[in-house]
Amino acid sequence: MARVWNFSAGPSALPINVLKKAQEQMVEYPGAGMSVMEMSHRSKSFTEIITTAEANLRSLMNIPDSYKVLFLQGGASSQFAMVPLNLLAEGETADYINTGRWSTMAIKEGQKLRYAQVIASSEDENFSYIPKITKSDCTPGAKYLHFTENNTIYGTTFYSVPETDARIVTDMSSSILSREVDVNQYDLIYAGAQKNMGPAGVTVVIVREELLGMADSSVPTMFNYQTHAEKDSLFNTPPTFGIYMLGLVCEELMNMGGLAEVERINRAKAELLYNTIDESDLFSGTVRVEDRSITNIPFVLPTDELNAAFIAEATDRGIANIKGHRSVGGMRASIYNGVPMEGVAFLVDFMKEFEKKNK
Ligand SMILES: *Cc1c(COP(=O)(O)O)cnc(C)c1O
């Protein structure tokens, strides 16, 4: 079977050049005589791999020296707990904006472990927009404001950082490396790698150094950012192969011209798909136009029967994982960096053909 166009929300398509380079180096990593998966995380080769991965990520995102980059395990979901455990003492408050499933889970953990306050939500319209907040919506004295920058399931994005006096914490799992951001605007960024940075298993945390060391002594060692920061993510065995792949993905994006160029391509991909949806009499979008994501694009047909037919026929054509999340229905095209323009054009051509046949 040939490679399909994979529109999976995560784990998702990886750049073909990265897969090929990993294949080339799979059995014998140059100079090591063994696979990356077989080497010690304390070896010279792996030290080079993790140092390069971090340097590549720092260079791509222009991460200032005053931030630590951590490579952790446990997924973005573990960060839902690590963030409050590290940034809030007993009795302190944090604000959260609820824009969907992942925000809801972050809020749940915050409320379970500390005190998390929901200051805005778009649940009233099935999370189809980003609520606008002002400083007056924030809780006085709140330690941080948490929001999910890109809502993978609903296809909405915060294109600006909400205004608050609190620290800014964001879940960037499905938008990191898709466009340029100014890291200085955030105090802590976290992201699971499996959407846009590499394979599942590694979670990136980018945190202002001054926020380290605030966790109280009851926080488990492995759940304390300080533990990992002090040891450059080598306190225990890190997800070695994932870090290697993340380094290759960053290298590929650097070779493409960096995030400015990557963003230009991603905007063009998203525009092609949104224009097709907007010009169609059959397909429609589900998200308020100004809040539309460039990485996760949900769209629906008028009936369940048509949705099912589209998904089945698309699958036959080599368009994989196009079925929408059950909370939105219809279809969702996740067009991360690993899906080139050619893949989006293939999808759009199929949509037009489907519309002609079904109008
Ligand atoms: C996928 C996703 C998560 C969950 O990530 P895990 O790594 O599976 O824990 C959290 N937040 C967002 C925005 C996601 O897209």
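Residues numbered from 1 in each chain as written. Predicted model: local features only at pLDDT ≥ 70, side-chain atom pairs only at ≥ 80, totals over all residues. Heavy atoms only, no water.

A word on the site of the ligand
- In the vicinity of the ligand, 13 residues are found, and the nearest of them are Ser77, Thr152, Asp171, Gln194 and Lys195.
- The separation between an oxygen atom of the ligand and a polar side-chain atom of Thr152 is 2.4 Å.
- Note that an oxygen atom of the ligand is positioned 2.5 Å from one of the side-chain N or O atoms of Lys195.
- Against a free-state accessible area of 390 Å², the protein chains account for coverage of 87% of the ligand. (Near = heavy atom within 4 Å. Polar contact = N/O pair within 3.5 Å; in protein donor to acceptor, adjacent residues only side chain to side chain. Areas by Shrake-Rupley, 256 points an atom, 1.4 Å probe, with all protein chains shown as cover.)

Thoughts on the pattern of salt bridges
- Inspection of every chain in the model, using the stated rule, returns 18 salt bridges.
- A salt bridge links Glu90 to Arg114; the shortest N-O distance between them is 3.7 Å. Here Glu90, found in the loop between α3 (75-87) and β3 (93-98), pairs with Arg114, found in the loop between α4 (101-113) and β4 (115-121); they are 24 residues apart in sequence, far enough to count as distant.
- Several salt bridges share partner residues, and in doing so they unite Arg167, Asp187, Arg208 and Glu210 into one network. (Salt bridge = Lys/Arg side-chain N within 4 Å of Asp/Glu carboxyl O. Helix = DSSP H or I, 4+ residues; strand = E, 2+ residues; numbered from the N terminus.)

A closer look at the packing of helix α2 (residues 44-61) against helix α6 (residues 240-255)
- Relative orientation of the contacting elements α2 and α6 amounts to 40°, with a least axis distance of 8 Å. One element, α2, and the other, α6, form an angle in the oblique class. Crossing hand, α2 versus α6: left-handed. Residue-level contacts link Phe46, Ile49, Ile50, Ala53, Asn56, Leu57, Ser59 and Leu60 of α2 to Thr240, Ile243, Tyr244, Gly247, Cys250, Glu251, Leu253 and Met254 of α6.
- Partitioning the contact of α2 with α6 into residue classes produces eleven nonpolar, four polar and one charged. (Axes fitted to C-alpha atoms, helices over the stretch in contact; angles between N-to-C directions. Parallel < 35°, antiparallel > 145°, perpendicular 65-115°, else oblique. Left-handed = near helix turned anticlockwise from the far one by under 90°. Contact = heavy atoms within 4.5 Å. Nonpolar A, V, L, I, M, F, W, Y, C, P; charged D, E, K, R; others polar.)

Concerning the sheet that holds strand β12 (residues 296-300)
- In space, the three strands of this open sheet follow the order β11-β12-β14, with antiparallel pairing throughout. Bordering the open sheet on either side are β11 (284-285) and β14 (331-334), each of which pairs with just one other strand.
- As defined by bridge partners, β11 adjoins β12 across two bridges and the pair is classed as antiparallel. When the sheet's bridge partners are listed, Gly285 is paired in β12 with Phe299.
- Against the sheet, helix α7 (residues 259-279) makes contact with β11, β12 and β14, and its axis sits at roughly 15° relative to β12, the strand it touches most. (Pairing = 2+ DSSP bridges.)

A closer look at α7
- Given a rise of 1.5 Å per residue, 21 residues ought to cover 30 Å, and the 29 Å separating the end C-alpha atoms of α7 matches this to within 8%.
- Among the residues of α7, Leu259, Val262, Glu263, Asn266, Lys269, Ala270, Leu273, Tyr274, Thr276 and Ile277 are the ones counted as buried. Buried residues along α7 cover an arc of 160° about the axis, so they all sit on one side. Exposed and facing more than 90 degrees away from the buried side of α7 are Glu271 and Glu279. (Expected span 1.5 Å × (residues − 1). Buried < 20%, exposed > 50% of the residue type's maximum accessible area, 1.4 Å probe, protein only. Arc of directions from axis to C-beta.)

Comments concerning the packing of helix α8 (residues 304-316) against helix α9 (residues 341-358)
- Direction vectors running N to C along α8 and α9 enclose 135°, while the axes themselves pass 11 Å from each other. Classified by the angle their axes make, α8 and α9 are oblique. Between α8 and α9 lies a crossing whose hand is right-handed. Contacts between α8 and α9 involve Leu306, Ala309, Phe310, Glu313 and Ala314 on the former and, on the latter, Leu347, Phe350, Met351, Phe354, Lys357 and Asn358.
- Its residues assigned to classes, the contact of α8 with α9 comprises eight nonpolar, one polar and two charged.

The analysis is restricted to geometry; functional conclusions fall outside its scope.
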